[in-house]
Amino acid sequence: NSETFGISFEDSSNITFQNNIVFDHWIAGVYVKDSRQLNISNNLSLMTRQRIFSGETTEVTANYAICADAVHQCRELIVKDNIAGGSEDWGFAFKFNTCDTEITNNWTGNTIFASADGIVNGATNAQCSAIHDQNVFFSRKFAVMSYQNYPKIEAYNLILANNAKGINLMTGKGGRDNFSHIHDCTIVGNLYSHCSTNFQPVTDESPVIGDDCTNSSEFCDSFAGIQLAVSTEGGKPLPQKKPHLPLEKVQSVSNPKQSALVEKVKFANFFQKCSGGNDILVRTNASASDMTSPHIFKSLTTFQVDTNRRFAFNNPDPGAVKVDDCGEFVCTGLYNVLVEDQDGTLLGNADGGTIRSNAPESVIESDCTYNQQWNALQCTAKDYALMVFESLDDDKWERIFSPIFVKNEELGFNNKLNTHRDHDWNGFYTSLRRLSRFGTVIKKGYKYDIVTQATWPNRLRYVWNGDISATDHVIIQQSFDTPRKIGVRSQGKVVKQLGYDKQTREKIKLDSVATDELTCGLSSYDKETQSITFAMLGPDCRLTVFVGDTVEVSLRLEMTVDQFWEKDGPLTFADKMAALLGINPARILVVDIREGSVIVDFVVTEDDEQETTDSDSDSDSNNGGGDPNSTNFAKLSSQEVYDKLLTVTKGGQVAQEFDAPVLDLNMTIVEVNPKDDNSNGDTTNVTAAIKISETSTDTFNYAIYALLGIAFMAIVGYSVFSMVMTKRQPKVTSGENAIYSLAHPNSANVTVDGDTKTVLSAQNNQSGQAPKLAIFEADYDEKKAVRASKMLEVEDLEALNRSQREN
């Protein structure tokens, strides 16, 4: 009955603490910090409370707080066969063991009952943590809870019963594959098979659920078996005082690569007991606004599990539709939850299936039916996955380009996605920073269009999660609003795009490639629609779709299109051009081949620091050949490529290499995020960030130069001739403001500045000796004279003068 620890071990070693009772203490009954070689066994710790008079504590509150803080270092501890009960927070708070065979601490056989939470994992930097051989009963919240800074967690040999929320394994390590694994456990909803006063322990001979369960008001608490795991980029530490928010509340963005496996678990007694008391076998985390790990269930045993109580899926929180949280519409993570039953032991059928969220924007596929009790879709197919894509640009936390739509017309699929929720705080206000990361349920083997009304980032990363085999694939098409050079990197290496078919002379489209010929990152670019189509294949496929600085080139050679295909074609063209420039052939992409004589449009992409993976180096369908993995290529910038191509063209090397004169060479440097006075190298609008270099266009056409010279000489000659003729022509004067009409049999009306005048038309002179006279129309405005001159040929000058006098 002390106001502090029951017993504390700090900087201790070689101590045995066995067969003791610790009762009614604040903060911790048994407290251990920075110790080694302790044996704490067969003890009973009851009634541990918060230190309420100070308003907060500096330590975790638990019956047994064993090196729970991240800074605590403990080794060679034995903590086994202890009992904890009646804690206001946790029964046990300790660092779980590591998953490898070298277990540094022996924590097994402990039992926790009637506490707020059963066991919580303390902070650890291990790559994998394991909780095993523990028993938890009657917890008012979670039986087992983990949410710390590690990428993998494993739970096995646990017995959990009558706990409000069962087990919740959460991981939190950014930049890693996060994975949670539950196996060989027993999880019971209600220890008793009925709600009547005649309680019966769970046995294989227990009767089925009776009608009295729906009428009794006794023991009507709701129990959950498993809450689906969530993986975030950063686990939160154990609170040092009683938390105001639920411990399972997600408070950081999700990890892009995450999954979970539940196998060899026994579930018993999950059913509807009475009004307001419903057990749930599997439920979602209501605060997982961004993403939930896709789960695989197999090899389960179920006993007295009501079909309608197997799942409970939450809808997104409509209260988060505000600028502080999700923006203009709900966060869509809970609309993309995926659970797969591989063998039917979870659904209670022979074939299994998929359970996924019911996204309201999407049409339900033909193999799926909506279960209102679950608030989820039950699908017969087991070929779904969770695809995640995200911006890698510097402004990924500030620029919002959602909503994004994932579409497949064949399936009637149209999934509307939102940017991640704002999880950060700046004092009393949210940070107004949301990560541009998106997760969508997709069906393997189909093609999906990813659409946005905004401008795409310069770099987008794609991964996918779930039960994905080496042959599973999905095709993604992404369209851009401006002509761009779009490439694909796989594992950090550029993958060459599909080129031309020599037989048809048409660009090869990814849709026409056989499934068994697909590779991770294989892609094709359509210049007309400005879209890139790429393949994801296998579980380890991770792609980056990128837009980089390019040199756009149009080269015209003096040969026919047929000769181009016979001599070179795009494959050899890329090889030869790369050899001239000394760069990797994968940097050269032929985008068009046109007539006149032959015009080859191609782009040279920015250099990549990584080596380049050639997805199909032996195929003529690619644009480039050679050895793309060679490290002997020059690392030329776009400006250096521009300068060198200009040099080798002027020097005649291009004409010599292709055995044809160069008629035209047009080059344009296209920069992404140019560092000028306006952008400062950090722009949020990609379209505005692209600029054409003012000195980046050159044209070499010697035939045009000759034509321009001839035209210039003709203009000079005509000007001299006009001056001579003007001086030889007599002048005709007139009175002020008079408009003269020349009467002649061949006269015609013309309009000058809105006024109609009559002038003489030319009359042929059979002898060819007709004199020429320039007739000028006089001023018809006091301030401005508008003159319209006509050269008139007449046979007889005297007849003309006579006609003028008569008029």
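Residues numbered from 1 in each chain as written. Predicted model: local features only at pLDDT ≥ 70, side-chain atom pairs only at ≥ 80, totals over all residues. Heavy atoms only, no water.

Some thoughts on the sheet that holds strand β5 (residues 36-41)
Heads up, the rule is: One requirement defines pairing of two strands: DSSP has to find at least two bridges between them. Helix numbering and strand numbering both begin at the N terminus, where a helix is a DSSP run of H or I of at least 4 residues and a strand a DSSP run of E of at least 2. Axis definition: a line fit to C-alpha positions, over the contact stretch in the case of helices; interaxial angles, taken between N-to-C directions, run 0 to 180 degrees.
Strand order in the open sheet formed by four strands is β2-β5-β8-β12, and the pairing between neighbours is parallel. In the strand order of this sheet, the two ends are held by β2 (13-18) and β12 (106-108), each with one partner. Averaged over all adjacent pairs, the angle separating strand axes in this sheet is 5°, with direction ignored. Two strands pair when backbone bridges link them, and strand β8 (residues 78-80) and β12 are joined in this way by three bridges, in the parallel orientation. From the neighbouring strand, V79 faces β12, where its bridge partner is W107.

Brief notes about the sheet that holds strand β35 (residues 384-391)
Ordered by their spatial adjacency, six strands build an open sheet running β40-β35-β42-β48-β44-β45, and the pairing between neighbours is antiparallel. Looking along the sheet, the strands with just one partner apiece sit at the ends: β40 (437-443) and β45 (493-495). Across this sheet, the average inter-strand angle for adjacent strands is 30°, counted without regard to direction. When strand β44 (residues 486-490) meets β45, the two strands line up antiparallel, connected through three bridges. Paired with V488 across the bridge in β45 is V495.

Let's talk about the state of the cysteines
Threshold: Two cysteine sulfurs form a disulfide in these notes if their separation is within 2.5 Å. Only protein chains enter the accessibility calculation, which uses a 1.4 Å probe; a residue whose area is less than 20% of its type maximum is buried, one above 50% is exposed, and one in between is partly exposed.
Applying the stated rule across the entire model yields four disulfides. Disulfide pairing is shown between C67 and C74; the S-S distance is 1.5 Å. Here the two residues C67 and C74 agree in accessibility, since each one is buried. Two residues, C326 and C331, share a disulfide whose sulfurs are 2.0 Å apart. Between C326 and C331 the disulfide shows an S-S torsion of about -110°. By sign, it is left-handed. As far as burial versus exposure is concerned, C326 and C331 are alike and both buried.

Some thoughts on the pattern of salt bridges
Applicable threshold: Whenever a carboxyl oxygen of Asp or Glu lies within 4 Å of a side-chain nitrogen of Lys or Arg, that contact is scored as a salt bridge.
A full pass over the atoms with the stated rule returns 20 salt bridges. In this structure, the salt-bridge partner of E233 is R437, at a minimum N-O distance of 2.9 Å. Of this pair, E233 sits in the loop between β22 (231-232) and β23 (258-263) while R437 is found in strand β40, placing the two residues 204 residues apart along the sequence. A salt bridge links R399 to D395, with the nearest nitrogen and oxygen atoms 3.3 Å apart. In this structure, a network of salt bridges that share partners links the residues E233, E390, R437 and R461.

Observations concerning the pairing of β35
By the criterion of burial, β35 is predominantly enclosed, with eight of the eight residues buried. Both faces of β35 are covered, namely the face carrying Y384, L386, V388 and E390 and the face carrying A385, M387, F389 and S391. Where β35 and β40 come together, seven bridges link them in antiparallel fashion. Paired with M387 across the two strands is T440, which belongs to β40. Sheet analysis places β35 next to strand β42 (residues 459-465), joined by six bridges and oriented antiparallel. What sits directly across from F389, in β42, is Y462.

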